[in-house]
Amino acid sequence: MKKNIGTEERIFRSLVGSALIVIGFTWLRRRKGRTAGLDPAVLGAILTGTAITKFCPLNALLGIDTRRKRHPFTRVYQALGGIIFSSHRQDLLAMEGEAIKGKKPAEPQRVTNFGKNVRFSPMHFYTPKNESEILAILNMHSKYKIRAIGSLHAWSEVAASDDVTIDMRHFAQVQVERKEDEVWATVGAGCRLEDLIHTLHKQAGVTLPTVPAVTEQTIAGTISTATHGSGMPSMSHFIEEARVAAYDSQTGEARIYDWSEGPELRAARCGVGCTGVILSVRFRCVPSYSIEQSVARVSTIDEALASESEYPLQQTILIPYAWEYFVYQRRPIHDKQVSTSWMAYLFRAHWFVVVDVLFHTTLLPLVNVVGSRRLIRWFLRDVTPLMLWAAPPHTDDSAEVLVLEHELFSHLEMELFVPARHIREAVKLLTKVMSLFAGDIKRVPPQWEDQLESIGMLEELYRNRDTYFHHYPILVRRIMPDDTLISMTSESEEPYYSISVFTYYRDRSKIYPMANFLAFSMNRLYGAGLHWGKHFPLNNAEIEPLYPRLKEFRELCTRVDPNGVFRNSFTRRVLGFGEY
Ligand SMILES: Cc1cc2nc3c(=O)[nH]c(=O)nc-3n(C[C@H](O)[C@H](O)[C@H](O)COP(=O)(O)OP(=O)(O)OC[C@H]3O[C@@H](n4cnc5c(N)ncnc54)[C@H](O)[C@@H]3O)c2cc1C
């Protein structure tokens, strides 16, 4: 069953489908004994069902596949989505890759990331098809700045380049190999996680050791910023071999490195694009597994974290203004006999229709068109908890449970990394800061005043009273330490918790004063860092003390890239590469 329904068509189908179901059942109830309401209800169920499974037999029959970005139907749905909800459209995909052999100078083209907050116009844009082409590009532009890109899902400027951009989409091969009772995968840099998970499961009944909340990213983009899920180390940690194109320190010529141990591998596991162009990576897969999930509704962060030892993969959502926590309690089940329960199918359908689509299609107009604080507050405090179903335990395939459809609508995120011992304090501070920015409180309690005063940030907080109304739930996840040089949890003896703040305001900059305040205050109070791939207001001065191996990382990068070709303004500002 090959999927053939793209993002915008899914939103359209689920909205129209749910409306038809409601209309159908209303008719059926009003006209008892008559079946006139059955038609819309059945049609609605079909539309919603196909939106959930991403497959439509009629599309298949007519050869329509709206997952293909260039299909005319895709453009119609994209236009509708763009007009109504500012949903995600990747402008990059409209661009033509420059012919490599022709070497003709390309017109600067505009590249836009998922969050629409980063735009850049590289002088040269390449879509190479093999390693020789990559080496040729590296030699041709050895005096310029080069960045490889994946799916452009980073919100920070980590992927931006004004000189040369290399799109790795043609490096998407997956090679699965059995070694005794282990299964290994060698994966091309540009392979999207969704395709990778599908291939691994189909070919060998295995999956990734950990999965982030969405699977649109490429494997190289994923590891370059230490992308993670909840309850595990990041995906970077699991990479056992990296094949990378960079420069020879003696000759200055482009060459290929195969790193399978030592500091080079640890650097490449999370290289923020600075260790060269990743061509492929190799890692050990884990057998496909299920997850038992239940949802608990609690009122304090302590209660939320209490279930963690029993449910190691759990994650928590905090609803602003209701100040309630929904804990998605999850534990892995490795028994192959366990199958997906009917409750799991119900939960999947509920989550997609009610949370992924209805919640967002209601919130976005409230935030960007109506703009009424009272309505947004009411929606979050009184309606959202009703939409989040506190479902009883159910068992489902791991990818179905761990992966959300969070990419349906374009937005921006900042993710703080707080050492485990400070998470309770950090969440309490966050709620106070959000309330103060929203104008709900005039002052923070004395204990916070003293602490913020001691780091010189109390005045800044009070200056921002009643200036920003936060409008989206907060996500809290636990990330285990990594074996890398500079991932967010590298070199740590304790786990970290991440706190994600999101904005769906079209004008992304509205969240910056609050996000920046949180980043600097939590950095100074708790030694908090930030996700490399998300909104990143901190600078090298704040970052350097958090990463004891950063100097070693810079030296390794310089060895394979003496001219600083693989650096950009973001890595200079944050990683402290100096003039280069
Ligand atoms: C909706 C959404 C949900 C997300 N959920 C999560 C989550 O649950 N957990 C999490 O940790 N993160 C999450 N992220 C962040 C995302 O996983 C990271 O930003 C990731 O780096 C994006 O991968 P990409 O393929 O889009 O890479 P890009 O954004 O294109 O690039 C990111 C970095 O990788 C480098 N890079 C890409 N390919 C190569 C290559 N071949 N060689 C060398 N460098 C390369 C780029 O130069 C850049 O520095 C999410 C992002 C979005 C938009």
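Residues numbered from 1 in each chain as written. Predicted model: local features only at pLDDT ≥ 70, side-chain atom pairs only at ≥ 80, totals over all residues. Heavy atoms only, no water.

Remarks on a nonpolar patch on the surface
Here's step 1: A surface patch of nonpolar side chains, about 390 Å² in accessible area, is lined by V369, V370, L375 and W378.
Here's step 2: Broken down by secondary-structure element, the contributors of at least two residues to the nonpolar patch are α10 (342–370) and α11 (373–387).
Here's step 3: The residue L375 is located in helix α11 in this model.
Here's step 4: A relative accessible area of 35% places L375 in the partly exposed class. (Patch = residues over 30% accessible without salt bridge, like charges linked within 9 Å, V, L, I, M, F, W, Y side chains within 5 Å. Areas by Shrake-Rupley, 256 points an atom, 1.4 Å probe, with all protein chains shown as cover. Salt bridge = Lys/Arg side-chain N within 4 Å of Asp/Glu carboxyl O. Helix = DSSP H or I, 4+ residues; strand = E, 2+ residues; numbered from the N terminus. Buried < 20%, exposed > 50% of the residue type's maximum accessible area, 1.4 Å probe, protein only.)

Some words on the site of the ligand
Here's step 1: Inspection of the region around the ligand gives 37 residues, with A148, G150, H153, G221 and T225 positioned closest.
Here's step 2: T227 is positioned with one of its side-chain polar atoms (N or O) 2.9 Å from an oxygen atom of the ligand.
Here's step 3: Isolated, the ligand exposes 970 Å² of accessible area, and the fraction of that covered by the protein chains is 99%.
Here's step 4: Residue assignment for the shell around the ligand shows that the elements contributing at least two residues are β4 (146–149), α7 (219–224) and β11 (277–284).
Here's step 5: Top element by residues in the shell around the ligand is α7. It accounts for 4 residues.
Here's step 6: Of the residues that constitute the shell around the ligand, the class distribution is 17 nonpolar, 17 polar and 3 charged. (Near = heavy atom within 4 Å. Polar contact = N/O pair within 3.5 Å; in protein donor to acceptor, adjacent residues only side chain to side chain. Nonpolar A, V, L, I, M, F, W, Y, C, P; charged D, E, K, R; others polar.)

Regarding the UniProt feature "transmembrane region" (unreviewed entry) in the chain
Here's step 1: Sites flagged by UniProt as "transmembrane region" (unreviewed entry) map to residues 12–29 and 41–62.
Here's step 2: As a span, residues 12–29 carries 100% helix and 0% strand, and end to end its C-alpha atoms are 26 Å apart.
Here's step 3: Annotated as 86% helix and 0% strand, the span residues 41–62 places its first and last C-alpha atoms 24 Å apart. (UniProt positions renumbered as here; feature names shortened; annotations may be inferred.)

Quick word on the packing of aromatic side chains
Here's step 1: In total, this model carries 17 aromatic pairs according to the counting rule given.
Here's step 2: Ring centres of Y472 and F502 lie 5.3 Å apart, and the angle between their planes is 65°; on these two criteria the pair is classed as edge-to-face. Residue Y472 is found in the loop between α15 (458–463) and β18 (474–479), and its partner F502 is found in strand β19 (residues 496–503); the two are separated by 30 residues along the sequence. Like F502, Y472 is buried.
Here's step 3: Here the aromatic cluster, defined as three or more aromatic residues joined through ring pairs, consists of F359, F379, Y472, F502 and Y504.
Here's step 4: When the ring centre of W184 is taken as reference, the NZ or CZ atom of K179 above it lies at 5.1 Å.
Here's step 5: Above the face of the Y257 ring, R255 is positioned so that its terminal group lies 3.8 Å from the ring centre. (Phe/Tyr/Trp six-rings, centres within 6.5 Å; stacked < 30°, edge-to-face > 60°. Lys NZ or Arg CZ within 6 Å of the ring centre and 35° of its normal.)

Focus on the side chain of E413
Here's step 1: One can find E413 in strand β17 (residues 412–419).
Here's step 2: When its relative accessible area of 5% is taken as the criterion, E413 is described as buried.
Here's step 3: Only 2.8 Å separates the side chain of E413 from the side chain of K534, close enough to count as a polar contact.
Here's step 4: Filtering out sequence-adjacent residues up to four positions away, E413 remains in contact with W155, R477, S500, V501, F502, K534 and H535. (Contact = heavy atoms within 4.5 Å.)

Side note on the sheet that holds strand β3 (residues 124–126)
Here's step 1: Read from one edge of the open sheet, 3 strands run β3-β5-β4, paired in parallel fashion. The open sheet terminates on both sides in strands that have one partner only, identified here as β3 and β4. Within this sheet the neighbouring strands show an average axis-to-axis angle of 20°, counted without direction.
Here's step 2: Relative to strand β5 (residues 164–167), β3 runs parallel, the two being bridged by 3 bridges. Considered in β5, the bridge of Y126 is made with I166.
Here's step 3: In this fold helix α5 (residues 131–140) packs onto β3, β4 and β5, with an angle of close to 170° to the strand it touches most, β5. (Pairing = 2+ DSSP bridges. Axes fitted to C-alpha atoms, helices over the stretch in contact; angles between N-to-C directions.)

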